[in-house]
Amino acid sequence: GQQVMQIPQYQHVQEGEDFTTYCNSSTTLSNIQWYKQRPGGHPVFLIQLVKSGEVKKQKRLTFQFGEAKKNSSLHITATQTTDVGTYFCAGESGYSTLTFGKGTMLLVSP
Amino acid sequence: EAGVAQSPRYKIIEKRQSVAFWCNPISGHATLYWYQQILGQGPKLLIQFQNNGVVDDSQLPKDRFSAERLKGVDSTLKIQPAKLEDSAVYLCASSTLGRRGQFFGPGTRLTVL
């Protein structure tokens, strides 16, 4: 079945540093979604990417979808303590429903 | 708009007992999902409904898990009998065609002793 891998599993940064998490799928995706889950909370939808090579920005967050539609990244510029949480990518293809990666846990120290 | 509602929020049972979870999706959302999230992992889809029909239940352990969405609105997920490895957070989510992303409820944290 479809597999979605995320790296790193965990990252600890100082406030103001940048952060990037990477997502790779074993199959070509029709779309990829990103979610954020705060400690003790539930996943919250951030964005969906559909087009090959697509880049979208949300304030300090930049999302990219690879040309082959098998990988994606999330980059946070100048992290803040409010960015703490686990970031999940989730991929969907024509043959499968949404499959989540294991997530990248981000810890930001002030 | 009101979010996805789930109850109970917490449940502790002994192995071999049964348990049921309830979910009420966002009004108008035709698609409803049940996920299992084990600590340190991403949500794993158990079952997906479109209105009151099942779209995908390939990862539902059907010997012990069952789910229904009889009127195409709220849904229940049942485990009978529970095993220790069922300890997890059970998340319900909903979505609507034409609107991107899934909207999750607060989840039910199940502990099986």
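Report on the accompanying structure. Throughout this document, residue positions are counted from 1 along each chain, in the order its sequence is written. The lettering of chains begins at A and the numbering of ligands begins at 1, in the order of writing. Per-residue local features of the predicted model are confined to residues with pLDDT of at least 70, and side-chain atom pairs are confined, for both listing and counting, to 80 or more; whole-chain, interface and lining totals are unaffected and use all residues. Remark: hydrogens and water are excluded; side-chain values derive from all non-hydrogen atoms of the structure.

Quick notes on the interface of chain A and chain B
With 14 residues of chain A in contact, the opposing surface of chain B contributes 16 residues. When the buried surface of chain A facing chain B is broken down by residue, His42, Thr97 and Phe100 of chain A rank first, second and third, together holding 35% of it. Salt-bridge detection follows one rule: a side-chain nitrogen of Lys or Arg within 4 Å of a carboxyl oxygen of Asp or Glu. At the boundary of chain A and chain B, one finds zero salt bridges. Here a polar contact is recorded for every N or O atom pair within 3.5 Å, except that within protein the pair must consist of a potential hydrogen donor and a potential acceptor, and residues adjacent in sequence are included only if both atoms are side-chain atoms. Remark: the boundary between chain A and chain B carries three residue pairs in polar contact (both at pLDDT 80 or more). Secondary structure elements are taken from DSSP: a helix is a run of H or I of four residues or more, a strand is a run of E of two residues or more, and numbering for both begins at the N terminus. Elements with a minimum of two residues in the side of chain A that touches chain B: strand E4 (31-37), strand E5 (44-49) and strand E10 (96-100) of chain A. Residues are treated as being in contact if the distance between any of their heavy atoms lies within 4.5 Å. Here's the idea: put two parts together, see how much 1.4 Å probe accessible area each one loses, and the total over both is what we call buried area.

What about the sheet that holds strand E7 (residues 65-68) of chain B?
Residues and elements named next belong to chain B. Paired strands, as defined in this entry, are two strands with at least two bridges between them according to DSSP. One open sheet accounts for four strands, arranged E1-E3-E8-E7; its pairing is antiparallel. Strand pairing shows two members of the sheet lacking a second neighbour, strand E1 (5-7) and E7, which therefore form its edges. Taken pair by pair, the neighbouring strands of this sheet meet at an average axis angle of 15 degrees, ignoring direction. One ladder, built from three bridges, connects E1 with strand E3 (residues 19-24); its direction is antiparallel. Its bridge partner lying in E3, Gln6 is registered against Cys23. In this description, a line fitted to the C-alpha atoms serves as the axis of each element, helices being fitted only across the stretch in contact, and the angle between N-to-C directions of two axes falls anywhere from 0 to 180 degrees.

Regarding unusual backbone geometry
Ile7 of chain A connects to Pro8 of chain A through a cis peptide bond whose omega is -5 degrees. One can find Pro8 of chain A in the loop between strand E1 (4-7) and strand E2 (10-14). Residues Gln80 of chain B and Pro81 of chain B are joined by a peptide bond in cis, for which omega reads -5 degrees. For Pro81 of chain B, the location among the structural elements is in the loop between strand E8 (75-79) and strand E9 (88-95). For Arg16 of chain B, which is not a glycine, the phi torsion comes out positive at approximately 80 degrees. With a relative accessible area of 64%, Arg16 of chain B lands in the exposed category. Non-glycine residue Asn51 of chain B carries a positive phi angle of around 55 degrees. Turning to its location among the elements, Asn51 of chain B is positioned in the loop between strand E5 (44-50) and strand E6 (53-56). With a 1.4 Å probe rolled over the protein chains alone, any residue whose accessible area is under 20% of its type maximum counts as buried; one over 50% counts as exposed, and the rest are partly exposed.

Comments concerning the packing of aromatic side chains
Classification of ring pairs uses Phe, Tyr and Trp, with its six-membered ring standing for Trp, and accepts pairs whose centres are within 6.5 Å; under 30 degrees between planes counts as stacked, over 60 as edge-to-face, and the remaining range as tilted. Considering all chains together, one arrives at 13 aromatic pairs over all chains under this definition. Judged by centre distance (5.8 Å) and plane angle (90 degrees), the rings of Tyr35 of chain A and Phe104 of chain B are edge-to-face. Of this pair, Tyr35 of chain A sits in strand E4 while Phe104 of chain B sits in strand E10 (residues 103-104), placing the two residues on different chains. Relative accessible area serves as the criterion here: at 6%, Phe104 of chain B is assigned to the buried category. Members of the aromatic cluster, joined through ring pairs, are Tyr35, Phe45, Phe88 and Phe100 of chain A together with Tyr33, Tyr35, Phe103 and Phe104 of chain B.

Shape is all these values report; function is a separate question.
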